[in-house]
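Here is how the chains run, residue by residue.
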Amino acid sequence: MSIDNRLLRVDRVVGNNIVMASYEPTGVEYVLLGKGLGFAAKNMQELNTSDERIEKRFRLEDREQLMNHPTFFEDMDAPVLEVSDRIIQRIEQTFPERLNDKIYLALPSHIQFTVYRMRHGIEIVNPFLQETQLCFPQEYEVALDALHMIRESFELDIPEDEAGFLTYHIHSAVTHVPVGQLVKMSSLLGKLQQMIEQEHNMTFRQGSMNQVRLMIHLRFALERIVQGSLVDNPLIHHIREQYAAEYALAVRMKDVMEQELKLSVPEDEVCFLAMHLYRLFRTYNKEG
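Cut-offs and rules
Residues numbered from 1 in each chain as written. Predicted model: local features only at pLDDT ≥ 70, side-chain atom pairs only at ≥ 80, totals over all residues. Heavy atoms only, no water. Helix = DSSP H or I, 4+ residues; strand = E, 2+ residues; numbered from the N terminus. Buried < 20%, exposed > 50% of the residue type's maximum accessible area, 1.4 Å probe, protein only. Contact = heavy atoms within 4.5 Å. Phe/Tyr/Trp six-rings, centres within 6.5 Å; stacked < 30°, edge-to-face > 60°. Pairing = 2+ DSSP bridges. Core = buried A, V, L, I, M, F, W, Y, C linked by side-chain atoms within 4.5 Å. Patch = residues over 30% accessible without salt bridge, like charges linked within 9 Å, V, L, I, M, F, W, Y side chains within 5 Å. Areas by Shrake-Rupley, 256 points an atom, 1.4 Å probe, with all protein chains shown as cover. Salt bridge = Lys/Arg side-chain N within 4 Å of Asp/Glu carboxyl O.

### Description of the overall build of the protein
- Scanning the protein from N- to C-terminus turns up 11 helices and five strands.
- Of all 288 residues assigned to the protein, the portion counted as buried reaches 49%.
- Taking the intrachain contacts of the protein between residues at least 6 apart in sequence as the baseline, contacts between residues at least 24 apart amount to 67%.

What follows is the structure in structure tokens.
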């Protein structure tokens, strides 16, 4: 049933952008999202559902959106909600795009669990930190600021590995790509780099230009494959003949990508990868 142009009772101001409210005739509870909505609602008893400041409305019983828990916000510690709100404001300052609404729910849930793990001595290890840092540098910088906020708020010595996980949430909010897909792509990037290193008995120097270029190329290639964006490579036949060894490795990497992504990798992408591998192997001995 639509509740347009009806009054909701403000039950709780969660943060500057989040308000919990209910529709008294039915008792249905809602989470209302909107920039500055919480700040405006602090001295209000009611909100009209037609209020232009309301950008998104969730039923509190919507288990998928509210992390499979009908009392999601009720279980959140107040400092978690406060620091989450500050971090989201930091993200909005850096990225002008409209954020995915799920960040308002996913971020505090993630921070709550991080604090729980640290207080109970559960180690936080991110095996994909290096790939994440190289592929999403701008998001990673914001994540480092967010990590600093969380450390200060809870007086916990949280490792930098956590910044990698926060980067996923930030990038997901900006691009609307699910966090789970970003984790899978980071794992795949690590496997592909390992294949290259084993093939040529080489080890990338952390943060080297060769490694950065490789990660960026692979990242955008994977994004195109997942999104189904086609690229045209007019040099396919030339590449197969002139860069036979690099092409053979690119084909093996394609097989791994298809197995992991459950998607077909276009031949154009394979040949672009072969070209990149050729340049990589030529410059590696100079840079390391």
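### Let's talk about the packing of aromatic side chains
- Per the counting criterion, the structure on display carries three aromatic pairs.
- Ring geometry for Phe-165 and Tyr-168: centres 6.3 Å apart, planes at 65°, overall edge-to-face. Note that Phe-165 and Tyr-168 are positioned in helix 6 (residues 161-175) at a spacing of three residues, about one turn of the helix.
- On the accessibility criterion, Tyr-168 (2% relative accessible area) is buried.

### Description of the pairing of strand 3 (residues 28-33)
- Among the six residues of strand 3, five are classified as buried, and the element is accordingly described as predominantly covered.
- Alignment of strand 2 (residues 18-23) against strand 3, held across six bridges, turns out to be antiparallel. Of the residues in strand 3, the one forming a bridge with Ile-18 is Leu-33.

### Considering the nonpolar core
- One finds Leu-192, Ile-196, Leu-218, Met-253, Met-257 and Leu-277 to be the most contacted residues of the largest nonpolar core, which totals 40 residues.
- Listing elements by their share of this core, those giving two or more residues are helix 4 (129-135), helix 7 (179-199), helix 8 (209-227), helix 9 (236-242), helix 10 (244-261) and helix 11 (267-287).
- With nine residues, the single largest contributor to this core is helix 11.
- Ignoring sequence-local partners within four residues, the contact set of Leu-192 consists of Leu-218, Met-253, Val-256 and Met-257.

### Some points on the pairing of strand 2
- The buried count for strand 2 comes to six of six residues, which makes it a mostly enclosed element.
- The side-chain alternation of strand 2 yields two buried faces, one formed by Ile-18, Met-20 and Ser-22 and the other by Val-19, Ala-21 and Tyr-23.

### Some remarks on the environment of Ile-111
- Within the element layout of this structure, Ile-111 appears in helix 3 (residues 103-119).
- Remark: the alpha-carbon pair of Ile-111 and Met-76, spanning 35 residues in sequence, is separated by 9.7 Å.

### Structural notes on a nonpolar patch on the surface
- Judged by side-chain polarity, Phe-113, Tyr-116 and Ile-122 come together as a nonpolar surface patch covering roughly 300 Å² of accessible area.
- Structurally, the position occupied by Phe-113 is in helix 3.
- The partly exposed category is assigned to Phe-113, whose relative accessible area is 47%.

### A short note on the pattern of salt bridges
- Across all of its chains, the model carries eight salt bridges by this definition.
- The closest approach of N and O atoms between Glu-223 and Arg-219, which form a salt bridge, is 3.1 Å. Of this pair, Glu-223 and Arg-219 are both found in helix 8, four residues apart, which corresponds to roughly one turn of the helix.
- We note a salt bridge from Arg-240 to Glu-267, for which the minimum N-O separation is 3.0 Å. With Arg-240 in helix 9 and Glu-267 in helix 11, the pair connects residues that are 27 residues apart, well separated along the chain.

### Points about unusual backbone geometry
- The phi angle at Asn-201 is positive, at roughly 50°, despite the residue not being glycine.
- With a phi close to 60°, Lys-262 is a non-glycine residue in the positive phi region.
- Its relative accessible area of 67% is what places Lys-262 among the exposed residues.

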